[in-house]
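# Structure assessment
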Amino acid sequence: MHRSGPVGRYGTAAGTGALAVLLLVGICGSPAFTSWAGTQTDPNSAAAFYVRLLAWPAWRLDADGQAGGLFAADVRAVLLVVLAVGLLYLLPAAQVARVPGSVSQFFSGWAAYVLAGGLAAVLAALLGPTPSMLGALQDASTGAGYGFLTGWIIGTASLGGRA
């Protein structure tokens, strides 16, 4: 079935969500942003908390002496992007096709990011240089919390696209 009109000109809901994931992790996880968020924000304000949260999937250009090398330093950010994009394409397709409207696209994009954040944190903890089950569980709550508080951005980016 081919759609025409204004919606037919835009990409898929999963495609626009995937672009938002790449931009969010690429910009907010960059060394420049994470350094700025860590040093130039007041740690006692809600805005600073949110800015620091946006920097959670931090990635680096060098390993900077971290055990496990560059892969261990960046595995969380890489897994977050890969899992989020995969889940954006897997989760909403059948559901959005059955439920007309953009509300399901929004919640599918948001849910995909929450799940990707939690899974990326768990896998990064288990694949990292010092794997532990306790660390994986603690990181899972942090990753899912990150996804919950920032996933609305991905959900919003998913609005209006084709299913």
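Residues numbered from 1 in each chain as written. Predicted model: local features only at pLDDT ≥ 70, side-chain atom pairs only at ≥ 80, totals over all residues. Heavy atoms only, no water.

## Quick notes on the nonpolar core
- In this structure, V21, L80 and Y113 are the most contacted members of the largest nonpolar core, which totals 29 residues.
- For this core, the secondary structure elements donating two or more residues are α1 (13–28), α2 (31–39), α3 (46–54), α4 (69–90), α6 (103–127) and α7 (133–157).
- For this core, the element with the most residues is α4, which contributes 8 residues.
- Setting aside anything within four residues of it in sequence, one finds L80 in contact with V25, W56, P57, Y113, A116, G117, A120 and Y146. (Core = buried A, V, L, I, M, F, W, Y, C linked by side-chain atoms within 4.5 Å. Buried < 20%, exposed > 50% of the residue type's maximum accessible area, 1.4 Å probe, protein only. Helix = DSSP H or I, 4+ residues; strand = E, 2+ residues; numbered from the N terminus. Contact = heavy atoms within 4.5 Å.)

## Overview of the UniProt feature "transmembrane region" (unreviewed entry) in the protein
- Residues given the UniProt feature "transmembrane region" (unreviewed entry) here are residues 12–33, 75–94, 106–128 and 140–160.
- For residues 106–128, the helix share is 96%, the strand share is 0%, and the end-to-end C-alpha distance is 32 Å. (UniProt positions renumbered as here; feature names shortened; annotations may be inferred.)

## With respect to the environment of T34
- Tracing the chain through its elements places T34 in helix α2.
- Between the alpha carbons of T34 and L54 there is a distance of 8.6 Å; along the sequence they are 20 residues apart.
- With residues up to four places along the chain from it excluded, the contact list for T34 reads C28, G29, A55 and A58.

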